[in-house]
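Fold and geometry: a report
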Amino acid sequence: MYIISMATLNHGMSRFVLIVYRNAVAALTMAPFALLLERKIKPMLTIPIFLKIMALGFLEPILATSKADSRACNTHQHHSHLPL
């Protein structure tokens, strides 16, 4: 997958488009197995579980952005010894 990703990115495909394609292929590949193998297993979706899923759904973009920002800050700190 790494080789295909790098080849498509080097040919000009957007990172975001590649992510959407990868998720679509993964969903289409795994959906038949999930439908067939877990057809009879249906766990209860309780209110606490639903609230945790919703909280993670809302917080994930914030956490991903702050993680990316902290990486950028760490990269800049590494080169802080260079004169301006």
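Computed from a predicted structure; not experimentally measured. (Residues numbered from 1 in each chain as written. Predicted model: local features only at pLDDT ≥ 70, side-chain atom pairs only at ≥ 80, totals over all residues. Heavy atoms only, no water.)

**Details of the overall build of the protein chain**
- From N to C terminus, the protein chain includes three helices and zero strands.
- Walking the protein chain from its N terminus toward its C terminus, one meets helices and strands in the order α-α-α.
- Residues counted as buried form 2% of the 84 residues belonging to the protein chain.
- Total accessible area on the protein chain stands at roughly 8200 Å², and carbon and sulfur atoms take up 73% of it. (Helix = DSSP H or I, 4+ residues; strand = E, 2+ residues; numbered from the N terminus. Buried < 20%, exposed > 50% of the residue type's maximum accessible area, 1.4 Å probe, protein only. Areas by Shrake-Rupley, 256 points an atom, 1.4 Å probe, with all protein chains shown as cover.)

**What about the side chain of S5?**
- Along the chain, S5 falls in helix α1 (residues 2-10).
- If sequence neighbours within four positions are ignored, S5 has contacts with L18 and R22. (Contact = heavy atoms within 4.5 Å.)

**A few points about helix α2 (residues 15-37)**
- The end-to-end C-alpha separation of α2 is 33 Å, in line with the 33 Å expected for 23 residues at 1.5 Å each.
- The sharpest bend along α2 measures roughly 35° and falls at M30, with the proline P32 sitting one to four residues further on.
- Sitting at the amino-terminal end of α2 is S14, which places a side-chain oxygen 3.3 Å from the backbone nitrogen of F16. (Expected span 1.5 Å × (residues − 1). Bend = angle between axes of the 7 residues up to and from the residue. Polar contact = N/O pair within 3.5 Å; in protein donor to acceptor, adjacent residues only side chain to side chain.)

**A short note on a nonpolar patch on the surface**
- Side chains of L45, I47, I49, F50, L51, I53, M54, F58, L59, I62 and L63 sit close together on the surface and give an oily, nonpolar patch of about 1100 Å² of accessible area.
- Along the chain, F50 falls in helix α3 (residues 47-78).
- Look at F50 and you get partly exposed, because its relative accessible area is 39%. (Patch = residues over 30% accessible without salt bridge, like charges linked within 9 Å, V, L, I, M, F, W, Y side chains within 5 Å. Salt bridge = Lys/Arg side-chain N within 4 Å of Asp/Glu carboxyl O.)

**Digging into the packing of α1 against α2**
- One way to put it is that α1 packs onto α2 with a least axis distance of 10 Å and a crossing angle of 145°. In this structure, α1 crosses over α2, and the sense of that crossing is right-handed. Counted together, S5, T8 and L9 of α1 and R15, L18 and R22 of α2 form the full contact between these two elements.
- A breakdown of the residues in the contact of α1 with α2 according to their chemical character gives two nonpolar, two polar and two charged. (Axes fitted to C-alpha atoms, helices over the stretch in contact; angles between N-to-C directions. Left-handed = near helix turned anticlockwise from the far one by under 90°. Nonpolar A, V, L, I, M, F, W, Y, C, P; charged D, E, K, R; others polar.)

**Digging into the confidence of the model for the protein chain**
- In this model, the protein chain carries an average pLDDT of 82, and 80% of its residues clear a pLDDT of 70 or more.
- Per-element averaging of pLDDT across the protein chain places α3 at the bottom with 78 and α2 at the top with 92. (pLDDT = per-residue confidence, 0-100.)

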